Each structure stands twice: as C-alpha cells, then as structure tokens.
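# Close look at the chain arrangement
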2 protein chains.
Amino acid sequence: MPARNHNKISNSTHHQQPLADFKVGVDNVIFSVDTAQNRLLVLLVMRQQEPFSNSWSLPGTLVRQGESLENAAYRIMAEKIKVNNLYLEQLYTFGGPHRDPREQTNSYGVRYLSVSYFALVRFEEAELIADKVAGIAWYPVKQIPQLAFDHHEIITYGHRRLKNKLEYSPVAFDVLPETFTLNDLYQLYTTVLGENFSDYSNFRARLLKLGFLSDTGIKVSRGAGRPASLYKFDEKAFAPFKDKPLVFI
Amino acid sequence: MPARNHNKISNSTHHQQPLADFKVGVDNVIFSVDTAQNRLLVLLVMRQQEPFSNSWSLPGTLVRQGESLENAAYRIMAEKIKVNNLYLEQLYTFGGPHRDPREQTNSYGVRYLSVSYFALVRFEEAELIADKVAGIAWYPVKQIPQLAFDHHEIITYGHRRLKNKLEYSPVAFDVLPETFTLNDLYQLYTTVLGENFSDYSNFRARLLKLGFLSDTGIKVSRGAGRPASLYKFDEKAFAPFKDKPLVFI
DNA sequence: CCAAAAGTGTTCTCGATACACCCATGG
DNA sequence: CCATGGGTGTATCGAGAACACTTTTGG
C-alpha cells in the first residue's frame, strides 16, 4: 500500500466535487493458536445477508452513533466469542470506491469504508457464540475458503502483522495461560512463525537471559519425559524492554 | 472492498442503535529533511475555517465522491506542494466520537473520521504552493506549535513510523537525489534517528557490504576535504532484501 | 603545509547458530 | 531400562561498536 516515486500528481484546483458520505465498518481478523495441533486459526462467520450472502467472511459490524472504532471492534468480539484475554489493535483502513457492491446500486449514495482490526485470543479459552442460524468457525490460515469482499487481502495483511508483533513484542503472554511451560511458548512461536525460526534450546536460552520470565518452581508432567517448569511473565521485569525494538525471536 | 457485514445476531436480542454517518477526512503528515541544517521538518498549514480557524494543522481534506483514500492523500499533496519524488503510506485511522467539534453542534448528525497518511519528500526540491491567504510552512519537529484537533498525536505517531521505515526499508532513496554521497545518506539518517544511532565509518561499511549501492565513479568536492564518490541505489541488487527485515541502521 | 572531509582497517565483544550432552519421568 | 521430552553447555561464526589510521582535496 505504500507508493513509491509517484511522479505525477494531478493538480485538481477545479471546482469542488461533492463530498462522499460514508458508513464505516469494522472488520476483525481474529487469530488463535491451536497448540495441540500446531495450527494458526482465523475466525470466520457465514454471512446471512446480501451482498455475499452465504459466503464466509471476517466478523464485522457497522459503527453506531456515539461508538468509537475501537469499541465497535470490541463489540464484534463480544458478539462472536467469549474470552478473558485478548490482544487487539488497528490494522488498516480499506476505503476505495466501488469495493462494496452496495455502492453500485445507488451510485451517488453512500460509500462503505472498512477499518480492520487485528486480534489474538487464546484458543483453549475462546468460546464461540453460535446463534441458531449463523455459521461461525475457526479456519486454519493455510485453508481459508473463498471470502466475501476483499477479506482475503485483509487476512494476509493481518497475518504479516501478527508475525511482526510476535517477534517484537510480548503479545504471546496475552494469550498464554497465567503460567506456561517454555515449550508452550515455543510451540506458539513455531506455529505462527514457521518451523525453522529457531532451535528450541537457543530460544530458551535467549528468553531466560532476558530475565522477565520467572520460574514458579511448579513442575508439570505431560506423559513421558522429564516434567517441565511452569513460568510466569513478569511484567515489572519486562518494563525496561518496553519501546525497545527486537526483543524476541 | 471491505465489508460491512453486519451479521447481526444481536438484531433480535439487543435493540439496535442507529448507525453513524460519516464524513471521512484524510490528513497527511508530510516530512522532509533539511540536511543543510540537520533538521527534520513537518509541513503545516494555517486553517482558514472553523473549527480551529487560525490554528496550525496538518494539511488535510475531506474525501469526495468517487475518490479513494489514497487519491485524496495525493490530492492534498498536489494542492500544497510540488515534488517529483515522494514516499506515501497510510498511517492510522482516528475515529472516536467527538474528536471533531463539529460533531457536537448537531449531536445526532454526522461524525468525522480521519485517515492519516504519512509522506516523505525531498526538501530541496519541494516547492510549497502558497495561495494568497493560506499560511503554509515547514516546522522542525522539535518546535511544533499548538495544533488543531488531535494533530499533535498524529505527528507523534508519524514520527515513530518514519524512524521505523528508515531503519527497515529503503525509503531514504525515494527522497535523495538520483546520485548522492554516502555522507548525504548518513546526514539523512542522523537527522531523523538522532545523533547517536551509528558511527559514520560503521554505517558506511555496513551499507557498502550489502551491495546495493553502486559507485558511479564520479567525485564531488564540497569545499575543503577529499572529494566524495557519488553513489546510486541499485534497485535490482536490492531485490533480495525485499520483505526481509532489518536491513539498515 | 595543514585542516577538513572521505575512506580504510583493526580489535573487541556479544549474540546467534548448531549441536552434543545430561536429567527426570512414564511405561 | 529405554524412549521421550526437558534442560544445560560449548564451539564457531559474524555482526556491530569504538576508534586509530590513511588519503585527497582546498586554502
């Protein structure tokens, strides 16, 4: 979406075109990680209305009077899913004309603009809210079906952002249980970033050296093998790293 | 285009608030670097209308019928400034209710939302378009006056983005002359990132090793001292670095 | 000749990578 | 006792920081 070297900018000092009227939609790219199956998932809903009725799409809504963009994004979450922890941030705004088929029917009418948000939730605790008619499901990012509008593009954009966030900020801890093993953390990273982002023992060493993971001393056994220590994310110890780039990976 | 898919499950349960109607504004944070004086500059314009008449503000406009967000951003550029090269990308969308005083006068009326764009232009070639009444000027980022709306916040956000862009991508070359000395490049970096981001000789060594700067062989003298080589940015040689993070700094 | 700017080289440290190896548990 | 997963240690390589040094110009 960046534009490089646009050499010609057409000057338009001619008389004023009328302003466009907008409805503003918010669409959420909601990710979760199924660590058991090592899959990165996106939440999709089945549209019940035109346009694109019976297509899968991102959960979205139109912004209401008195409602902020962010609140609209939270409202979507609340309507689709029950979670205790989540990470949410704005992604990008898509707003060219004629991207919504509804605009063509009444060509001088209202425009539709979409502000997309990106969210990360904990898969194990996320409870989908299925009403009687509407379909709602987690889809592996590798197997996204045809989507309404340009939602595929939005997911691609969101996925890129998720990878960056994971590498540069401690979002992972917003989405892990209070205590977790280093392997849980490692699985999360490999699932999102791909198999070959780092060796486990190096990952482990790097993170422990940083000093914001505290060992609770509690051990958990998962089948065979040596029991693993449960760790906690220590917010205070992390403080010095805030705003500093490149903490992870 | 995006989707206002309101799947309203909530339709039956909650009573539906009316949707908000929006005008959509685009505001540009336009940066340039005055290498002669080592200053990072932002373009500001004096507002001629209410609200915030006679306040400095970011150059902006309202989106017209049939116009894309990006085109609106380019139109602002064209109205305020003449340049041959620029870098432009979307920044963030600010859209809380009541961020624009116009909303309060007619409280159930239209909302104002701002999609901000971030631009970088070449200071030496940028020609400001001053119409008879409107004030327009470059301000050093260190000396921004009181601004209309939440424009100060937008600039802060844009400045952060600019720093990241410089570090991780070759925006600098969009804004340097076709050929430039390594010192020109270095000055640009120090001005934006701060004095202590790197030693000159290390900066130089790192960049040359990457191999996408080609020496034209031409030398330029600037007063006393050994003449400097003019370099070119070699787009083809840069290709392998595309999408790879962390190329610079 | 000398100051100033451009450009080169050297040393040191630290982090990333790739492993090999030890430890504790369940079956 | 051995397979399995958890955890520790070590050798190597290269990138980055600091800084001394050389080269080429103008005055």
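Residues numbered from 1 in each chain as written. Chains lettered and ligands numbered in written order. Predicted model: local features only at pLDDT ≥ 70, side-chain atom pairs only at ≥ 80, totals over all residues. Heavy atoms only, no water.

## What about the protein's contact with DNA strand D?
Put simply, the rule is: Nearness here has a simple test: a residue counts as near a molecule or strand if at least one of its heavy atoms is within 4 Å of that partner. Pairing of N or O atoms within 3.5 Å defines a polar contact, subject to two protein rules: one partner must be a possible hydrogen donor and the other a possible acceptor, and residues neighboring in sequence count only if both atoms are side-chain atoms. To qualify as a helix, a DSSP run of H or I must reach at least 4 residues; to qualify as a strand, a run of E must reach at least 2; elements of each kind are numbered from the N terminus. Residues are grouped as follows: Ala, Val, Leu, Ile, Met, Phe, Trp, Tyr, Cys and Pro are nonpolar; Asp, Glu, Lys and Arg are charged; every other residue, Gly included, is polar.
Taken together, 20 residues surround DNA strand D, and among them A:Asn183, A:Arg204, A:Gly225, A:Arg226 and B:Ser201 come closest. What you see for DNA strand D is that sugar and phosphate hold 63% of its atoms within 4 Å of the protein. At a separation of 3.3 Å, a phosphate oxygen of DNA strand D approaches a polar side-chain atom of B:Arg206. B:Arg226 is positioned such that a nitrogen or oxygen atom in its side chain is 3.1 Å from a base oxygen of DNA strand D. At the level of secondary structure, the elements contributing two or more residues to the surface near DNA strand D comprise helix H5 (200-210) and strand S13 (228-233) of chain A together with helix H7 (200-210) of chain B. Residue contributions to the surface near DNA strand D peak at four residues, all from H7(B). Classifying every residue of the surface near DNA strand D by side-chain character gives five nonpolar, nine polar and six charged.

## Examining the pairing of strand S3 (residues 39-46) of chain A
All names here are of chain A. This is how it is decided: Note on classification: 1.4 Å probe, protein chains only; a residue is buried when its accessible area is under 20% of the maximum for its type, exposed when over 50%, partly exposed between these limits. Pairing between strands requires that DSSP locate at least two bridges from one strand to the other.
S3 sits mainly inside the fold: seven of its eight residues count as buried. In the sheet, strand S2 (residues 22-34) pairs with S3 via four bridges, with the strands oriented antiparallel. Along S3, the bridge assignment pairs Asp 34 with Arg 39. Where S3 and strand S10 (residues 136-140) come together, five bridges link them in antiparallel fashion. Bridging from a neighbouring strand, Val 42 pairs with Tyr 139 of S10. With two bridges joining them, S3 and strand S4 (residues 56-57) adopt antiparallel strand pairing. In the strand pairing of S4, Met 46 is matched with Trp 56.

## Description of helix H4 (residues 182-193) of chain A
Residues and elements named next belong to chain A. This is how the line gets drawn: Under the convention used throughout, the expected extent of a helix is 1.5 Å for every residue step, that is, one less than its residue count.
With twelve residues, H4 ought to run about 16 Å at 1.5 Å a step, and its terminal C-alpha atoms sit 16 Å apart, in line with that. In terms of burial, H4 is a largely internal element, ten of the twelve residues being buried. For H4, the complete set of buried residues consists of Leu 182, Asp 184, Leu 185, Tyr 186, Leu 188, Tyr 189, Thr 190, Thr 191, Val 192 and Leu 193. Just beyond H4, the residue with positive phi is Gly 194, at close to 105°.

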